[in-house]
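# A look at the structure
The primary structure of each chain is shown beneath.
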Amino acid sequence: MLECDRARRSIVQYIADGEPALPVYASLRAHLGTCASCRAEAERLRAVEGALRVMPVAAPPVGLAPEVMRRVNSLGQPPREEWRLFSWETWVPVVAFAVALLIAMISMPANLLSSMTLYELESTLRALPGQAGGWLSPMESITRNELFWVIWTSLFVTMAGVGFSLSLRNLSREATAWLAEWCDRLTDVTDRAWQRARNAH
Amino acid sequence: MSDQDPLAELVSRCQQGDTVAFAQLVAATQADTYNVAYGVLRNPQEAQDMTQEVYLRAWRALPGFRGESKVQSWLYRVTVNTCLNRRRRLRKDLVLVDAEDALVDVAARGPSVPERVTLKERNRAIWAAVARLPEKYRLVITLFYQQELSYQEIADGLVLPLGTVKAHLNRARKALAEGLRLPEEGEDAGV
């Protein structure tokens, strides 16, 4: 009865989907043509599907809306939301950037600005396209690699902050879904084990 | 806020404290909210009380609603949470029935349909069996068939994985169908 077992696994969704003529259901349809037992199961599922589709909706009592509004009016105005320029998804990266900037400023060598003239800055910018070696050499001459580390640190902290905040944004939603999924699986396994044990006795 | 949400403008006015807009929002959504509350609580008076409670909570919380989902989905979530909390309090002194045992019970007792019945009688019997389904199965049945939500909308509203929603629906359908089995059909096609 392996064939039936397989059929039973997909028959519920097949009937619920309206018995579509999809290739994935071809073997199921063929099986239904030959197996009276599964055909009877399909018939029962059709009856259930039909009944569920016309299941009456509970109508709210007539005075419900006026009663809600009477109570709402007695509450007064809802507390206004505190004024916020940005949502936290925006301001966390901004704070991360500010921290990166602060670190950059604190770790900046005292003689950096005085030793780096506008002429040197200009020559550095001119050397940038296509000349990585030419880009690094002025740095060394200015601050003995310190400028490089300042920029590197600030970029690292900024990126870490942005990454952390984006992770936080999805963390609770995903964690809840993940937990629910595993609770369900665990419940399923336990139930099956319990059913087997009960049937065995 | 989604452009497709026809209630978005009402929500925006509610957030400014417009009670007329809130009355319109209540009028537009009360049937769905009440039906979901009834689906969870199975008691008209409780469903009515909880529907009122849902709207009072919504009125307080709307200023913080940021439109990341449709307001109707948000209301479903508030309704389900409010009603489930209420049920837990109501059942505090009752003997809790395991959800899977109850599902097996529905399948075993079935809708009590005699062999020859009219379609109307059979449907009534199936609806009555739905009322006996465990809460988590009854809830997805209510949202899928009565509120006509998609699998994804139910998953979003109940904060459940999509696969769990489908699994709950299929297990409920299977239990209801199993209950329609006539005694002489026996165990030939055990599930």
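It should be noted that the structure appears before, not after, this text.
Below, the structure is looked at part by part. (Residues numbered from 1 in each chain as written. Chains lettered and ligands numbered in written order. Predicted model: local features only at pLDDT ≥ 70, side-chain atom pairs only at ≥ 80, totals over all residues. Heavy atoms only, no water.)

### Here's the deal with unusual backbone geometry
Residue and element names in this part refer to chain A. In this structure, Glu 19 takes a positive phi of about 50° despite not being glycine. Turning to its location among the elements, Glu 19 is positioned in the loop between helix H1 (2–16) and helix H2 (26–34). The class for Glu 19 is partly exposed, based on a relative accessible area of 30%. (Helix = DSSP H or I, 4+ residues; strand = E, 2+ residues; numbered from the N terminus. Buried < 20%, exposed > 50% of the residue type's maximum accessible area, 1.4 Å probe, protein only.)

### Some words on the pattern of salt bridges
It is possible for side chains bearing opposite charge to pair when their charged atoms get close. A full pass over the atoms with the stated rule returns 10 salt bridges over all chains. With its nearest N and O atoms 2.9 Å apart, the salt bridge here joins Arg 53 of chain A to Glu 49 of chain A. Of this pair, Arg 53 of chain A and Glu 49 of chain A both sit in helix H3 (residues 36–53), four residues apart, roughly one helical turn. One salt bridge connects Asp 18 of chain B with Arg 13 of chain B, and the closest N-O pair in it is separated by 3.1 Å. Of the residues examined, Asp 18 of chain B reaches a relative accessible area of 23% and is grouped as partly exposed. Through salt bridges that share partners, Glu 19, Glu 43 and Arg 46 of chain A make up one connected network. (Salt bridge = Lys/Arg side-chain N within 4 Å of Asp/Glu carboxyl O.)

### Topic: the side chain of Asn 35 of chain B
Take Asn 35 of chain B: it is sitting in helix H2 (residues 19–41). When its relative accessible area of 1% is taken as the criterion, Asn 35 of chain B is described as buried. Engagement of the side chain of Asn 35 of chain B in a polar contact is seen with the side chain of Gln 146 of chain B, the distance being 3.1 Å. If we skip the residues at most four places from it in the chain, Asn 35 of chain B touches Val 57 and Ala 58 of chain A together with Thr 142, Gln 146 and Gln 147 of chain B. (Polar contact = N/O pair within 3.5 Å; in protein donor to acceptor, adjacent residues only side chain to side chain. Contact = heavy atoms within 4.5 Å.)

### Topic: the environment of Thr 29 of chain B
Residues and elements named next belong to chain B. Mapped onto the secondary structure, Thr 29 falls in helix H2. In this structure the C-alpha to C-alpha distance between Thr 29 and Leu 7, which are 22 residues apart in sequence, comes to 9.6 Å. Contact partners of Thr 29, with chain neighbours within four places excluded, come to Leu 7, Tyr 55, Gln 72 and Leu 75.

### Here we look at the nonpolar core
Among the nonpolar cores identified, the biggest contains 76 residues, and Phe 22 and Ile 141 of chain B are the most heavily contacted of them. When residues of this core are assigned to their parent elements, the largest contribution, nine residues, is made by H2 of chain B. Aside from chain neighbours lying at most four places away, what touches Phe 22 of chain B is Val 68, Met 69 and Val 72 of chain A together with Cys 14, Tyr 55, Trp 59 and Leu 62 of chain B. (Core = buried A, V, L, I, M, F, W, Y, C linked by side-chain atoms within 4.5 Å.)

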